[in-house]
Amino acid sequence: MELLIGTRRWSSWSLRPWLALKRTGTPFTETLIALRQENNATYEAIRPVSRSGLVPALKDGELVVWDSLAICEYLAERFPAAKLWPDDPVARAMGRSASAEMHSGFQALRQECPMAIDLEPRQADLSEATARNVARITELWNELLGRFGGPYLLGDWSIADAFYAPVASRFRTYGVTPQGAAGAYVATILETPEFLEWEAAARTEQS
């Protein structure tokens, strides 16, 4: 397998399937494409692998899967023993709903507080729209943690945690401290071995 990713310190979309793929334990090749290149160079570098011109993209033999959520779902089917989704259908449905909400929503948070692992933490003044996003995420995290007992959103680690790991990174960078169990969840996610591996690489990359 080959996973095409963007610049680690910025690419939240790449981080999500990378975490899921690491959790499967299967060996894979990691191909890094530098983001924010001039003269459309980033798009042109991605196109030979993924016709969307976007990262991430997963190659499995002749198959190319693009889009972070599609990749994660493919990995869950390809490696059932990895338990990327729980067996319980209720937990699985709620986790998928939470992931889809992140995948399509929270635009204010994305724009105002982009993932930037290279930045030192600071206290940011959030707009009303971003504050609403933070409140909704906090509500969602506390609901799932309360229902399934933690330490991860569905009890054990799942794709839902991969989707909210970049949010935990954003909260740290921009000085957001969610109330309740959600506050401890931020630390839990940022201390997982897989995230720490990504973070270490992000802090040393040159692209």
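Scroll up to find the structure.
Remember, predicted model here, so these are calculated numbers, not experimental data.

**Student:** Looking at this structure, I do not really get the layout of surface pockets. What am I missing?
**Tutor:** Where empty space is left in the structure can be found by rolling a water-sized probe over the atoms. There is about 230 Å³ of room inside the largest pocket. Lining the largest pocket are Trp-10, Ser-11, Ser-12, Trp-13, Leu-35, Arg-36, Val-55, Arg-110, Pro-114, Met-115 and Arg-170. A breakdown of the residues in the lining of the largest pocket according to their chemical character gives six nonpolar, two polar and three charged. Within this model, the second largest pocket holds a volume of roughly 170 Å³.

**Student:** Where do I start with the sheet that holds strand E1 (residues 2–6) in this structure?
**Tutor:** Strand pairing in a sheet relies on backbone hydrogen bonds, with the paired strands running either antiparallel or parallel. Ordered in space as E2-E1-E3-E4, the four strands form an open sheet in which the pairing is mixed. The open sheet has two edge strands with one neighbour each: strand E2 (29–33) and strand E4 (63–66). Direction aside, neighbouring strands of the sheet carry axes that sit 20° apart on average. As paired elements, E1 and E2 share five bridges and run parallel to each other. Residue pairing in the sheet places Gly-6 in a bridge with Ile-33 of E2. Across the sheet, helix H3 (residues 68–78) is in contact with E1, strand E3 (57–60) and E4; its angle to E4 comes to roughly 130°.

**Student:** Teacher, can you tell me more about the side chain of Asn-133 here?
**Tutor:** Here Asn-133 lies in helix H6 (residues 128–148). Dropping the residues within four chain positions of it, Asn-133 is found in contact with Phe-106, Gln-107, Ala-108 and Leu-109.

**Student:** Sorry, what's going on with the nonpolar core here?
**Tutor:** Soluble globular proteins: nonpolar side chains tend toward being buried together. Judged by nonpolar contacts, the single largest core of 56 residues is most densely connected at Trp-141, Tyr-164 and Phe-171. Where this core is concerned, the elements lending two or more residues are E1, helix H1 (12–24), H3, helix H4 (89–104), H6, helix H7 (159–173), helix H8 (181–190) and helix H9 (193–204). Dropping the residues within four chain positions of it, Trp-141 is found in contact with Leu-153, Tyr-164, Val-167, Ala-168, Phe-171, Pro-178, Ala-182, Tyr-185 and Val-186. Formed by six residues, the second largest nonpolar core is a distinct cluster that contains Leu-4, Ile-33, Leu-35 and Ala-57.

**Student:** Looking at this structure, I do not really get empty space enclosed by the protein. What am I missing?
**Tutor:** In total, this model carries two cavities of 30 Å³ or more according to the counting rule given. Quantified by volume, the largest cavity comes out at close to 50 Å³. Together, Leu-19, Arg-23, Trp-157, Asp-161, Ala-165, Ile-189, Thr-192, Glu-194 and Phe-195 line the largest cavity. Within the residue set of the lining of the largest cavity, elements represented by two or more residues are H1, H7 and H9. The calculated volume of the second largest cavity comes to roughly 30 Å³. Lining the second largest cavity are Ala-116, Ile-117, Leu-119, Pro-121, Arg-172, Thr-173 and Arg-203. Split into classes, the residues belonging to the lining of the second largest cavity amount to four nonpolar, one polar and two charged.

Calculation notes
- Residues numbered from 1 in each chain as written.
- Predicted model: local features only at pLDDT ≥ 70, side-chain atom pairs only at ≥ 80, totals over all residues.
- Heavy atoms only, no water.
- 1 Å grid on protein atoms, 1.4 Å probe; cavity = no way out; pocket = protein on both sides within 12 Å on 5 of 7 lines; lining within 4 Å.
- Points joined across faces, edges and corners; volume = space filled by probe spheres on them.
- Nonpolar A, V, L, I, M, F, W, Y, C, P; charged D, E, K, R; others polar.
- Pairing = 2+ DSSP bridges.
- Helix = DSSP H or I, 4+ residues; strand = E, 2+ residues; numbered from the N terminus.
- Axes fitted to C-alpha atoms, helices over the stretch in contact; angles between N-to-C directions.
- Contact = heavy atoms within 4.5 Å.
- Core = buried A, V, L, I, M, F, W, Y, C linked by side-chain atoms within 4.5 Å.
- Buried < 20%, exposed > 50% of the residue type's maximum accessible area, 1.4 Å probe, protein only.

Such coordinate-based values are descriptive only and should not be taken to indicate function.
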